Each structure stands twice: as C-alpha cells, then as structure tokens.
Amino acid sequence: MGRIADFRNMIAEKRLGFVMDEVMSGHHAYEKGQGPAGSLPFVFKATWGPRDLIKWLNPLGGEFMKQPMKGWVTAGGLCEKAPMTGTLELNYFTEGRIRYTFDFTVKGVAYRYVGEKVNIKPWNLPVSHTTCFGTLVEKDSGRLVSRSVTFFRFSTTPAFMASLRFA
C-alpha cells in the first residue's frame, strides 16, 4: 500500500521517478607500482535512477537517460565498501554504451572510476548489459591505478528487479 501512496504523492507534486539497486562484481589488476600484483576483487553496489521521468525522457534536455548514482565500492588492495557517488548514463542511442562514473576517497586520496558496457545492440543484450570494462584513476593527477572487468550476475536479477521503487 505504501508504494501506491508514494505514487499518488509524486503525481500530485508533478514529479515521478524511480531507483534501483545494482551490484557489479568482478576483478581488477593494478598498473605496475600502483598496488599488489595479480587479479583482485572489484565490486560496486549502486543505487541509481531518475528522480524526474519527464526530464529523464526528454532527448533535448541535458539529463536525457542520465541519473545520479550512489553506493559503495570494494577494490581489493585499496578499500572495502568505500562510499561513492556519481552518475549512470544510458547512452543507448547516441553511443551504444552504458557508462558508470563515480568518485570515492581512500585515506585522503580521491579516485574516479569510469566503467562502460559497450556495443549495445538489441541482439546482444545478454552480453552487452552484463559486462563492464573499467578504469580507476587518481582524480587529481589522472594517473591510471587499475583496470577492471565487472559483471552483472544473472543470479542477482531477482534482487535487482525487487529493488525497483518510486523516488
């Protein structure tokens, strides 16, 4: 009953949006001299979604299919569940890609992660929507810290779908 009341309130306020929780997990490898050698875990959990569907669906506006994102990131050898904030861009029509960009800080050092799901085509969605290629850099210097590959695991689909809620 709570979701219906929330929906009615959003319509009355002339704003309607949604959020979902997504988990991407995989591994990363540090560039030489930037951290421990080998493949280490890389996981992020992001809550994302548009807060205003009208703006989000307007291709002439600056927010077309771009939404805020917040959550946490674990980068083996660097941090565990560090808070992060950023954006998720669904660039299906312009670039055929999905881009996750977020910032986080560890021991006073600011980092930026950019991950992309690429080659988005209607016939390859099970692959293109599940594999994300990322880079982690020191935000101030731009120095490359590590490269990652993360995946949306099909086993997380029920929790992902159940996380949909009005915002």
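On a predicted model such as this, the values are computed, not experimentally measured, just so you know. (Residues numbered from 1 in each chain as written. Predicted model: local features only at pLDDT ≥ 70, side-chain atom pairs only at ≥ 80, totals over all residues. Heavy atoms only, no water.)

Overview of the overall build of the chain
Counting secondary structure elements, the chain contains four helices and nine strands. Its helices and strands in sequence order give the chain the pattern α-β-β-α-β-β-β-β-α-β-β-α-β, from N to C terminus. Taking 2.2 N^0.38 as the reference for a compact globule, 167 residues should give roughly 15 Å; the C-alpha atoms of the chain span a radius of gyration of 17 Å, in line with that estimate. Here the contacts in the chain between residues at least 6 apart in sequence split such that 48% fall between residues at least 24 apart. Computed over 22 positive and 14 negative side-chain charges, the separation of the two mean positions in the chain equals 3 Å. (Helix = DSSP H or I, 4+ residues; strand = E, 2+ residues; numbered from the N terminus. Rg over C-alpha atoms; globule rule 2.2 N^0.38 Å. Contact = heavy atoms within 4.5 Å. Lys, Arg positive; Asp, Glu negative; His and termini not counted. Charge placed at Lys NZ, Arg CZ, Asp CG, Glu CD.)

With respect to the side chain of Ser25
Take Ser25: it is sitting in strand 1 (residues 18-30). A polar atom in the side chain of Ser25 sits 3.1 Å from the side chain of Arg153. When sequence neighbours within four positions are dropped, the list of residues in contact with Ser25 reads Phe42, Val43, Thr150, Phe151 and Arg153. (Polar contact = N/O pair within 3.5 Å; in protein donor to acceptor, adjacent residues only side chain to side chain.)

Remarks on the packing of aromatic side chains
Applying the stated rule across the entire model yields 13 aromatic pairs. Ring centres of Phe44 and Tyr113 lie 5.5 Å apart, and the angle between their planes is 55 degrees; on these two criteria the pair is classed as tilted. Taken together, the residues Phe44 in strand 2 (residues 39-48) and Tyr113 in strand 6 (residues 109-117) connect sequence positions 69 residues apart. Considered together, Phe44 and Tyr113 belong to a single accessibility category, that of buried residues. One aromatic cluster is present, formed by Phe42, Phe44, Tyr100, Phe102, Phe104, Tyr111 and Tyr113 through successive ring pairs. Above the plane of the ring of Trp72 lies Lys81, whose end atom (NZ or CZ) is 5.0 Å from the centre. (Phe/Tyr/Trp six-rings, centres within 6.5 Å; stacked < 30°, edge-to-face > 60°. Buried < 20%, exposed > 50% of the residue type's maximum accessible area, 1.4 Å probe, protein only. Lys NZ or Arg CZ within 6 Å of the ring centre and 35° of its normal.)

Overview of the environment of Lys70
Within the secondary structure, Lys70 is located in strand 3 (residues 66-75). Separated by 18 residues in sequence, Lys70 and Leu88 have C-alpha atoms that sit 9.7 Å apart. The contact partners of Lys70, leaving out residues within four places of it in the chain, are Lys45, Ala46, Thr47, Met84 and Thr85.

Some points on the pairing of strand 1
Taking burial as the measure, the 13 residues of strand 1 include 10 buried ones, the bulk of the element. Looking at chain direction, strand 1 and strand 9 (residues 165-166) are connected through two bridges and run antiparallel. Its bridge partner lying in strand 9, Val19 is registered against Arg165. With 10 bridges joining them, strand 1 and strand 2 adopt antiparallel strand pairing. Paired with Met20 across the bridge in strand 2 is Trp48. Sheet topology note: the strand 1/strand 8 (residues 144-151) ladder contains six bridges and is antiparallel. For Ser25, the partnering residue across the bridge sits in strand 8 and is Phe151. (Pairing = 2+ DSSP bridges.)

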